[in-house]
Amino acid sequence: MTLQQEIVGNAMQMAVVSLQPGQTVYCEAGKFLFKTTNVTMETRLSGPSNPGGQQPQGGAGGMGGMLRQAMGTAMQVGQRALAGESLAFQYFTSTGGEGTVGFAGVLPGEMRALELNGTRAWFAEKDAFVAAESTVDFGIAFQGGRTGRSGGEGFVLEKFTGRGTVIIAGAGNFIDLNPADFGGRIEVDTGCVVAFEEGIQYGVQRVGGLNRQGLMNAVFGGEGLSLATLEGNGRVILQSLTIESLANALKKAQGGDKQGPTGGLFSTHAG
């Protein structure tokens, strides 16, 4: 059953989802906006790891089945905790007719509905996930330690598998690119990556060498020491606004900016 959804708004978009009777959609805690009265809401620690997002009945598989379910849930929660994600999901199911539920991201920017056909997974940066059909599984993918330490934002990714619609959000405006159209590789600010298809190779590289120009790039260029690299043939979604640049703009407006004229390695980080 295809998820009927419409993304509305401009500077701060939201997704309005129409649910058929018995259809379920889930979101990360904190992304829910509104619902009609015939849509039930349930908060769970577990993700939709079973067909249709339905959790096993208490007696299924006996004590061993219950123990395996509890251990699986604990592992999911542990992964999300390590990744800094929400520990719980909210599930919305329409009862007694068609229902409506609304979701939004947490930053001013765009939203995008991705359609999964079961052949390719999608990866997204942390906090990009908004909502998905119960037939889409949400997971955490950890990049290699070297990549994570070098790139900051590159260590933890959200992973979506299965079939159905998943809705993501980012900051600013989106642009869709395919590295294959640009010689097979693009290099971007590590904070600009929103999502990419399975098959795209994601990495982090140093900006220049340890020479005069490399140091100039790091100190005055605004990118720090690293750039994200995306290689292969597949869809990539980038955003025009990074969380760091938004935080620095707000801090500057409040008179608390310590960035000065450099805008690079010595820029003030939020938090």
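Since this is a predicted model, take the numbers as computed values, not measurements.

Draft legend 1. Summary view of the nonpolar core. Among the nonpolar cores identified, the biggest contains 21 residues, and Y26, F129, F160, V166 and I168 are the most heavily contacted of them. Those elements that place two or more of their residues in this core are strand 6 (89-94), strand 8 (111-117), strand 9 (122-125), strand 10 (129-133), strand 11 (136-142), strand 12 (156-169) and strand 15 (193-197). Ranked by residues supplied to this core, first place goes to strand 12 with 4 residues. Non-local contacts of F129, meaning those with residues more than four positions away in its chain, are made with Y26, C27, E28, K31, F89, F138, E158, F160, V166 and I167. Among the nonpolar cores identified, the runner-up in size contains 16 residues, and L3, V17, C27 and M111 belong to it.

Draft legend 2. Examining the pairing of strand 9 more closely. Both faces of strand 9 are covered, namely the face carrying W122 and A124 and the face carrying F123 and E125. Inspection of the sheet shows strand 9 paired to strand 12 by 4 bridges, in the antiparallel sense. Bridging across to strand 12, F123 finds its partner in K159. Pairing geometry for strand 9 and strand 15, over 3 bridges, is antiparallel. If you follow A124 over to strand 15, its bridge partner there is A195.

Calculation notes
- Residues numbered from 1 in each chain as written.
- Predicted model: local features only at pLDDT ≥ 70, side-chain atom pairs only at ≥ 80, totals over all residues.
- Heavy atoms only, no water.
- Core = buried A, V, L, I, M, F, W, Y, C linked by side-chain atoms within 4.5 Å.
- Buried < 20%, exposed > 50% of the residue type's maximum accessible area, 1.4 Å probe, protein only.
- Helix = DSSP H or I, 4+ residues; strand = E, 2+ residues; numbered from the N terminus.
- Contact = heavy atoms within 4.5 Å.
- Pairing = 2+ DSSP bridges.

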